[in-house]
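Summary of the model geometry
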Amino acid sequence: MPKAKTTARIIWFRQDLRLVDQQAVRAAAAAGPVIPVYVLDDETPGEWRIGGAQRWWLHHSLAALASDLEDFGARLLLLRGRAGTVLPELARTTGAGAIHALWHYEPWARVAQDEVAAQVELHLHDGNFLAPPGTVRSGSGAPYRIFTPFWNALKHRMPPGDVQPAPDSLTMAEAPAGDVLADWKLLPTSPDWSGGFDVWTPGEAGARATLDKFAETAWDYERARNYPAETGSSRLSPHLHFGEVSPAAVWHAVPDSDSFRREIGWRDFSTGLIDQFPDYHEKSSRTQFEKFGFRNAPDDLAAWQHGRTGYPIVDAGMRQLWATGWMHNRVRMIAASFLVKHLLIDWRAGSRWFWDTLVDADLGNNSLGWQWIMGSGVDSSPFNRIFAPVGQSARFEAADYIRDWVPELKHLSDTAIHAPWEHGGVPGYPPPLVDHAVARARALAAYAASKA
Ligand code: FAD
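Residues numbered from 1 in each chain as written. Predicted model: local features only at pLDDT ≥ 70, side-chain atom pairs only at ≥ 80, totals over all residues. Heavy atoms only, no water.

A few points about the environment of L339
Threshold: In this text, helices come from DSSP runs of H or I with a minimum length of four residues, and strands from runs of E with a minimum of two, each type numbered from the N-terminal end. Only protein chains enter the accessibility calculation, which uses a 1.4 Å probe; a residue is then buried when its area is under 20% of its type maximum, exposed when over 50%, and partly exposed in between. We call two residues contacting when some pair of their heavy atoms lies within 4.5 Å.
Summarising the element assignment, L339 is placed in helix α13 (residues 329–342). The exposure class of L339 is buried, given its relative accessible area of 0%. Put simply, L339 and V314 are 25 residues apart on the chain and 9.4 Å apart in space, counted from C-alpha to C-alpha. Those residues in contact with L339, other than ones at most four positions away along the chain, are L301, W304, L344, I345, D346, G350 and W370.

Below, the structure written as structure tokens:
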């Protein structure tokens, strides 16, 4: 008697490119043969499709996932197009009975989920957050809008569940050939700006190695994280963004740093915000900022983007970003504050630049970061807290960091390097785009006018 054919389950990978602690993989594998698929969907997000730096990461992460799946005897199917069209079509042609995926909360991820679910049985699983966004609620039943009470409530629900291993085996169902990764041209060619990206190892093994290495020094995180010249933070952000490691796995691997776990809590919080406010990436939450007198200053914006503002700490950060796709958190705050307060340029111009240049560009974290700095968010720093770039640079001992990224200042002393113009300037390095005191007064005046 021939064996009855079990219908296949599709595993729809998105920003969860891992096999360990991946509930969609486990659920599909437990039900029978599988078709693992990644859909490159530039249509549903439209102008918010993933940017250049992330495309570089995605290429390598998909290559790693495909190779990991091969070890289990399975193949990663690559398809391109609107997920809400391509996936139901795949289910029809293969006779697959259902699709398994993890929940995602970007507005376009929800659209894709809804479109797929209208046509095929879709099972959405949790696992990309410490607690499912929207489920951490105050006594009145409302989701939180302020981080500290959110964090206190989230901590009560911790620890997260145990990390679930990858399934023992996968049985690959019959599936079409699909696309060839190289044909997607996710990597830059001319010019190839990715030379400095070799500091990263995208993929699940790279994520695990980064986590293990960080766990050894995590006890010193609270101090070291503030100093850009040190490797004091985990550098897990792109791995977490692409879901190459689960936040539960990160939590369990770092038992001796509450302050680090709190940052993972911020990631949950920011996704909770975009879940509550789907236009958080485009609209200031405090309406006064919608009539804020931003300047239209393309030359200043270009100077900021290219690390030519004349403020070494800002320029070092912007050059680190361009070269490696990542910037230290303290410097992100200084550089973002400089754009919106010293240059009075709209925070959305900054967040768009980050969207294209960060390997960890994440709708929740990026929008929260920019609205926090602007002072326009539901939970944010007050507008009149204006970072002084020189003071911050000296206080957080950024001299060696500046030497790494602004080599024309290499020869300056630890004192002079924060403000070269006060020591006669350096040929080839620009003078400050604006004077700090003048810029500060201008920003406060613009703020007062927006309240009127
Ligand atoms: P660690 O300090 O080791 O933190 C561990 C993890 O916690 C991070 O990987 C990240 O997932 C999360 N985390 C840390 N800080 C924050 C935070 N402030 N908000 C939310 N989650 C946090 N982070 C992104 O992942 N993507 C972004 O697009 C992004 N844009 C930002 C824009 C601005 C203007 C600012 C000020 C911050 C932004 N951040 C963003 C937050 C933060 O700068 C990065 O998460 C951090 O620098 C990543 O380095 P790490 O992995 O070594 O962090």
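After that view, the rundown keeps rolling.
What to know about the pattern of salt bridges
Let me state the cut-off plainly: What counts as a salt bridge is simple: a side-chain nitrogen of Lys or Arg found within 4 Å of a carboxyl oxygen of Asp or Glu.
On inspection of all chains with the given rule, the structure shows 19 salt bridges. The salt bridge involving R82 is made with E43; its shortest N-O contact spans 3.5 Å. With a gap of 39 residues between them, R82 in the loop between β3 (77–80) and α3 (83–94) and E43 in the loop between β2 (34–40) and α2 (52–71) connect regions that are remote in the sequence. We classify R82 as partly exposed; its relative accessible area is 22%. With a closest N to O distance of 4.0 Å, R308 and E408 form a salt bridge. Note that R308 is positioned in the loop between α11 (298–305) and α12 (312–324) and E408 in the loop between α17 (399–405) and α18 (436–451), a separation of 100 residues in sequence. By relative accessible area, which is 38% here, R308 ends up partly exposed.

Details of the domain arrangement of the protein
Defined as follows: All domain edges in this entry derive from an automatic or database-based domain assignment. Buried area: the accessible surface (1.4 Å probe) lost by two parts on joining, summed over both.
The assigned domain composition of the protein is domain 1 (9–127), domain 2 (129–161 + 203–276) and domain 3 (287–447). In this structure, domain 1 and domain 2 have C-alpha centres spaced 24 Å apart. Each side of the interface is counted separately: domain 1 has 18 residues, and domain 2 has 19 residues. Interface of domain 1 and domain 2: buried area, both sides summed, is about 1,600 Å²; carbon and sulfur atoms make up 56% of it. For the pair domain 1 and domain 2, the number of links is one salt bridge. The partner of D275 in a salt bridge is R110, and the shortest N-O contact between them spans 2.6 Å.

Focus on the sheet that holds β3
The strands making up a sheet associate through backbone hydrogen bonding, with each pair oriented either parallel or antiparallel. For the record, the criterion: Each pair of strands is called paired provided DSSP finds at least two bridges between the two strands. Note on geometry: axes are lines fitted to C-alpha atoms, helical ones only across the stretch in contact, with angles between N-to-C directions running from 0 to 180 degrees.
In spatial order, the strands read β3-β2-β1-β4-β5; together these five strands make up an open sheet with parallel pairing. A single partner strand is all that each edge strand has here, and the edge strands are β3 and β5 (122–125). Sheet twist, expressed as the mean angle between neighbouring strand axes with direction ignored, is 30°. Of the strand pairs in this sheet, β2 and β3 are connected by four bridges, and their pairing is parallel. Counterpart to Y38 in the pairing with β3 is L78. In the packing of α2 onto the sheet, the strands contacted are β1 (9–13), β2 and β3, and the crossing angle to β2 comes to about 170°. This element, α3, spans β1, β2, β3 and β4 (98–102) of the sheet and lies at about 155° to β2.

A short note on helix α10 (residues 258–276)
As a reminder, the rule being used: Multiply 1.5 Å by the residue count of a helix minus one, and that product is the helix's expected span.
With 19 residues, α10 should cover 27 Å at 1.5 Å per step; its first-to-last C-alpha distance of 27 Å lies within 8% of that length. α10 sits mainly inside the fold: 14 of its 19 residues count as buried.

Digging into the side chain of R267
Where we set the bar: Think of it this way: Lys and Arg go in the positive column, Asp and Glu in the negative one, and His and the chain ends go nowhere.
Here R267 is to be found in helix α10. Look at R267: it is buried, it has no salt bridge, and the nearest opposite charge is D268 at 4.4 Å. If near-sequence neighbours (up to four positions away) are discounted, R267 is found in contact with N128, F129, L240, P247 and N365.

Let's talk about the site of the ligand
For the record, the criterion: Nearness of a residue to a molecule or strand requires only that one of the residue's heavy atoms be within 4 Å of it. Any pair of N or O atoms that falls within 3.5 Å is considered a polar contact. Within protein, one atom must be able to donate a hydrogen and the other to accept it, and sequence-neighbouring residues count only if both atoms are side-chain atoms. Residue exposure ignores everything except the shown protein chains as possible cover, and the areas themselves are Shrake-Rupley values with a 1.4 Å probe.
Neighbouring the ligand are 27 residues, the closest being Y221, S233, S234, R235 and N329. Between the ligand and the protein, one listed contact pairs an oxygen atom with a side-chain N or O atom of Y221 at 2.5 Å. S237 places a polar main-chain atom, nitrogen or oxygen, 3.0 Å from an oxygen atom of the ligand. A total of 830 Å² of accessible area belongs to the ligand in isolation, and the protein chains cover 96% of it. For the shell around the ligand, the elements supplying multiple residues, two or more each, are α8 (237–241), α10, α13 and α15 (363–374).

Quick word on the nonpolar core
The test is simple: Here, nonpolar core means buried Ala, Val, Leu, Ile, Met, Phe, Trp, Tyr and Cys residues that are tied together by side-chain atoms lying within 4.5 Å of each other.
In terms of nonpolar packing, the biggest core is built from 88 residues, with F292, W304, V314, M318 and F354 touching the most fellow members. If one sorts the elements of this core by residue count, α13 sits on top with eight residues. Split by domain, this core shows at least three residues from each of two domains, domain 2 (129–161 + 203–276) and domain 3 (287–447). Non-local contacts of W304, meaning those with residues more than four positions away in its chain, are made with T309, V314, M318, A335, F338, L339, L343, G350, W353, F354 and W370. Core analysis: the second largest hydrophobic core is formed by 31 residues, L58, L69, L76 and V359 among them.

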